[in-house]
Structure formats: structure tokens, C-alpha cells
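Residue strings, one per chain:
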Amino acid sequence: MSAQAIVVEAVSKSFAHDWTLKKKEVVHAISFQVARGECFGFVGPNGAGKTTTIKMLLDIIRPSAGAITLLGGRPSDPKVRARVGFLPERPYFYEHLTAEETLTLYARLSGVDDRRRVREMLALVGLDAARDVALRRFSKGMLQRIGLAQALIGDTELAILDEPMSGLDPVGRRHVREIILQQRAAGRTMFFSSHILSDVEAICDRVAMVHEGRIMLTGDVHDLVARAGKNESDVTVRGQGTLPPAMAHFSARPGDHHEGVVGNAALQAALDAAMRAGFAIVSVTPKRGSLEDEFLRGIGESLSALATKEAEAVK
Ligand SMILES: Nc1ncnc2c1ncn2[C@@H]1O[C@H](COP(=O)(O)OP(=O)(O)OP(=O)(O)O)[C@@H](O)[C@H]1O
Ligand SMILES: [Mg+2]
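Here the structure is a predicted model, which is why all the values come from computation and not from measurement. (Residues numbered from 1 in each chain as written. Chains lettered and ligands numbered in written order. Predicted model: local features only at pLDDT ≥ 70, side-chain atom pairs only at ≥ 80, totals over all residues. Heavy atoms only, no water.)

Caption draft 1: Representation of the site of ligand 1 within the structure. Around ligand 1 sit Phe15, Val26, Pro45, Asn46, Gly47, Ala48, Gly49, Lys50, Thr51, Thr52, Glu89 and Glu163, and that is every residue in its neighbourhood. At 2.5 Å from an oxygen atom of ligand 1 is found a side-chain nitrogen or oxygen belonging to threonine 52. Relative to its unbound accessible area of 640 Å², ligand 1 is 62% covered by the protein chains. Ranked by the residues each element gives to the shell around ligand 1, the list is headed by helix 1 (residues 50–57), at three residues. Residues of the shell around ligand 1, tallied by class, amount to four nonpolar, five polar and three charged. (Near = heavy atom within 4 Å. Polar contact = N/O pair within 3.5 Å; in protein donor to acceptor, adjacent residues only side chain to side chain. Areas by Shrake-Rupley, 256 points an atom, 1.4 Å probe, with all protein chains shown as cover. Helix = DSSP H or I, 4+ residues; strand = E, 2+ residues; numbered from the N terminus. Nonpolar A, V, L, I, M, F, W, Y, C, P; charged D, E, K, R; others polar.)

Caption draft 2: Local environment of the environment of glycine 213. Looking at where glycine 213 falls in the secondary structure, it is placed in the loop between strand 8 (206–211) and strand 9 (214–220). Along the sequence, glycine 213 and valine 26 sit 187 residues apart, while their C-alpha atoms lie 5.4 Å from each other.

Caption draft 3: Representation of the nonpolar core within the structure. Membership of the largest hydrophobic core comes to 44 residues, with the highest contact counts inside it found for Leu161, Ile180 and Phe192. Broken down by element, the residue count for this core peaks at five residues, all from helix 5 (residues 140–152). Sequence-distant contacts of isoleucine 180, defined by excluding residues within four places in its chain, comprise Cys39, Leu161, Pro164, Met165, Met190, Phe192 and Ile203. (Core = buried A, V, L, I, M, F, W, Y, C linked by side-chain atoms within 4.5 Å. Buried < 20%, exposed > 50% of the residue type's maximum accessible area, 1.4 Å probe, protein only. Contact = heavy atoms within 4.5 Å.)

Caption draft 4: Representation of the packing of helix 3 (residues 99–110) against helix 5. At a minimum axis distance of 9 Å, the contact between helix 3 and helix 5 shows a crossing angle of 25°. If you check the angle between helix 3 and helix 5, you find them roughly parallel. In this structure, helix 3 meets helix 5 at a crossing whose hand is right-handed. Residues Ala99, Leu103 and Tyr106 of helix 3 form the contact with helix 5, whose participating residues are Ile146, Ala149 and Gln150. Class assignment of the residues belonging to the contact of helix 3 with helix 5 gives a composition of five nonpolar, one polar and no charged. (Axes fitted to C-alpha atoms, helices over the stretch in contact; angles between N-to-C directions. Parallel < 35°, antiparallel > 145°, perpendicular 65-115°, else oblique. Left-handed = near helix turned anticlockwise from the far one by under 90°.)

Caption draft 5: Just the pairing of strand 3 (residues 39–43), in detail. Of all five residues making up strand 3, five are buried, and the element is well covered by its neighbours. Sheet topology note: the strand 3/strand 7 (residues 189–194) ladder contains five bridges and is parallel. Looking across to strand 7, one finds that cysteine 39 is bridged to methionine 190. Where strand 3 meets strand 8, four bridges bridge the pair, whose relative direction is parallel. In the sheet register, phenylalanine 42 faces strand 8, and the bridge partner there is alanine 208. (Pairing = 2+ DSSP bridges.)

This is the structure in C-alpha cells:
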């Protein structure tokens, strides 16, 4: 059995323009691998090519070039596809069916023991109480969760989720994060796309960052965050008198507090000097980098430059 759940090798995709039929390449020779059992984040801004890539993983569209291996086989093989759960970017359902009827339909299509599995899934996504409610009465967040339940109901080795947190409020997002972590803990490979870097940072083992159809970075989330580390700390001290030179720039706060940022190389000496001058150390918090810092560094552009480009692209 291959140790990789997904292998993408030099995959490109071009679309023909509706009128001119001129080809435009939107995914350019991307390669990445997802190991079995890991939680993998596929991140990038709007229009980066995430959904296009996911559609190719599922053989909904075919690559113009390159090769994809899924669970050791080909995405076009029905036996392989039966082992993959999928949440589309914009799922649609029969809206006159209730939550329970909807999941029963998907359980039967997936060939799993329907009654028990449907109940389990309703509980997992917190829709127990809405079991008899028709989907036309569901909120966006509830629809997103029924979509997630549908993707997981087949108890598959691999789940591919296109923007599972999209449109959810903070509580809903946390809920979905927990479900993804729980599925990973049960040994399932979880692959999902997102443009919310903090979600990816919180739950993924590894990420691929895609921008304008190219992979800009792949790596272990902890390594990337460490690489984006700031090497400085937020420091708060309390007391009266003259602060040592390394803290001369600190801002005064109520209750004789003073706070500011100190470089980690000078930190120990600065804290010693502050204590010698009669100050108490209230807190020292190392500043963390974030995936966002590393992503922006990787693409070498500011967010505002990205927004301008996006606006130009749709003109
Ligand atoms: N069927 C299609 N025909 C022509 N162009 C397409 C087609 N599907 C996608 N594209 C283009 O491919 C690019 C990538 O789109 P894609 O939907 O893969 O991005 P995405 O990363 O999923 O973005 P989002 O975060 O907004 O969902 C976009 O420029 C889009 O306009
Ligand atoms: Mg998309």
C-alpha cells in the first residue's frame, strides 16, 4: 500500500474561453503529496486554483497535463472514488428532504449501514435537533454542516473538502475544526482548501500554498510558523522610577505598568536591568509569526497588491 494518499505530479489545467476558444492556463504544473493519515491544508487567495485542482483530484475535470494518484490508484477508477468523501465548494441538495432523509440518501449511495450511521453523523455535526426539518429551512451554516456530514458518511479513508469553514460564524468554524481533527485522530486523511490561514494553522500537519495557479510553498505547519517567527517579545513591567535603556521606549499604562517590545537577543539583560531598577516583571510573551506572514513573504506581495490584481482580472 502506498504511503501517500494523494500524489500530484506536474499537473496543469487550461480552460478554453467561451467565445474566442483561446486557451488560458489557470493551474501551472503543480506538484505535491499528501501522506496517509495527515491533515493537509490547501490554501490560497480567491482564484488561486484550489477548486480547479480539487475537481481534478476527483476526476470531475481532467488535467491538461500531468498525473494524479489517489490512494494508490487513478481518480477515474470507481473503486478508488468509492474510498473518497467529498464536500464540494457549493453543495446543493434536494431542499424538500429533511436532514435525516438527506443523509439516509447519501448513506445508501455510499453503501453504509444507514440508520446508525445517519444518527451518528447528525450528532457529529450538531444537527440532531434539526433532523426532521426540511433543508429549505436551513441556514447557510446548517447547510454547510449537512454537506460535511454527507462528505464523511461513507466512512472513507480520505475526505476532500472544498472550503469546509466557508460562511460559518466563529462558533461554527471551531465546530468544523474539531470535527476535522477528530476524523484525523480516527486515522482518516483529511485534505481541505481554505483561504482562512488561521484555521489551517490551527489544525493542519502540512500545507501547500497556492497563488495564481502555482504552488508557492509546501511544508510542515510548525516549521513554517517557526520560520515566520519574529524573534521579539511583548514585555510588561510594573513599578516607578527610570526604566533601563532597553525599555526607554515603553508606553506607560494605568497602575504603574509599562509595556513594549524587546528583541529576544537583548531580553534577558533587559529584564535583569529592570528588576535591578526596582521593577516587577508582569509578563513576557514571545511574538509568534503566522502562516500569513510566511505566505505573504512567499508570494512577495502585500494584500492590497493582491486585491488590486484581483480587481483588474475581472475587468
Ligand atoms: N470552467 C472554467 N472556465 C474558465 N475559467 C475557469 C473555470 N473554472 C475556473 N476558472 C478560472 O480558474 C481560476 C481558478 O479558479 P478556482 O475556482 O480554481 O479558484 P479557487 O482557488 O477555488 O478560488 P476561491 O477561493 O474563490 O474559491 C480563476 O481565474 C477562474 O476564473
Ligand atoms: Mg474555490
